[in-house]
Amino acid sequence: MPSKRRNNGRNKKNRGISGHVNCDNCARIVAKDKAIKKFTVRDIIDAASKEDIGKASAYKVPTQVPKIMMKMWYCVSCAIHARIVAVRSVVDRRKRDTGKKKMMRKPMEQKKPEEKKEEVKA
Ligand SMILES: [Zn+2]
């Protein structure tokens, strides 16, 4: 029977069971090797409150606020819905690099022209 992906969307090689995790969005039980992992680093305080805290602080020099570091596990449905990974065409599906990197590159490319414009002005 033909399969959509040669690894069937999993990273389980010669293993019976790889363990299970719950999706952080919908709590669906997903195989650990199939789940989409995303390591997120976020500020504890949002940008708006950060300014207020900075003004109210006794320190004149801005202090570093600790960050939240979370390893997020998503099921395939949630990962696609949240645009963490993207559906790829039959040809692109065979490529070893995942859609994750493509999604990561796009914002970087968009930022670069803006930076160049600022340099030209100065
Ligand atoms: Zn989910």
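Residues numbered from 1 in each chain as written. Predicted model: local features only at pLDDT ≥ 70, side-chain atom pairs only at ≥ 80, totals over all residues.

Draft legend 1. Inspection of the overall build of the protein at higher detail. Each helix and strand in the protein was counted, giving four helices and four strands. Its helices and strands in sequence order give the protein the pattern β-β-β-α-β-α-α-α, from N to C terminus. Across the 122 residues that make up the protein, the buried fraction comes to 7%. (Helix = DSSP H or I, 4+ residues; strand = E, 2+ residues; numbered from the N terminus. Buried ≥ 20, exposed ≤ 12 C-beta atoms within 10 Å, placed from the backbone.)

Draft legend 2. Local environment of the confidence of the model for the protein. Averaged over all residues, the pLDDT of the protein is 80; the fraction at 70 or higher stands at 79%. Within the protein, no element has a lower average pLDDT than helix α4 (residues 99-121), which sits at 52, and none a higher one than strand β2 (residues 29-31), at 95. (pLDDT = per-residue confidence, 0-100.)

Draft legend 3. Main features of the nonpolar core. With eight residues, the main nonpolar core is built from V30, A35, I36, W73, Y74, C75, C78 and A79. Every element with two or more residues in this core is listed here: β4 (67-74) and α2 (76-81). If we ignore the near neighbours within four places in the chain, the residues touching C75 are C23, C26, R28, V30 and A35. (Core = buried A, V, L, I, M, F, W, Y, C linked by C-beta atoms within 7 Å. Contact = placed C-beta atoms within 7 Å.)

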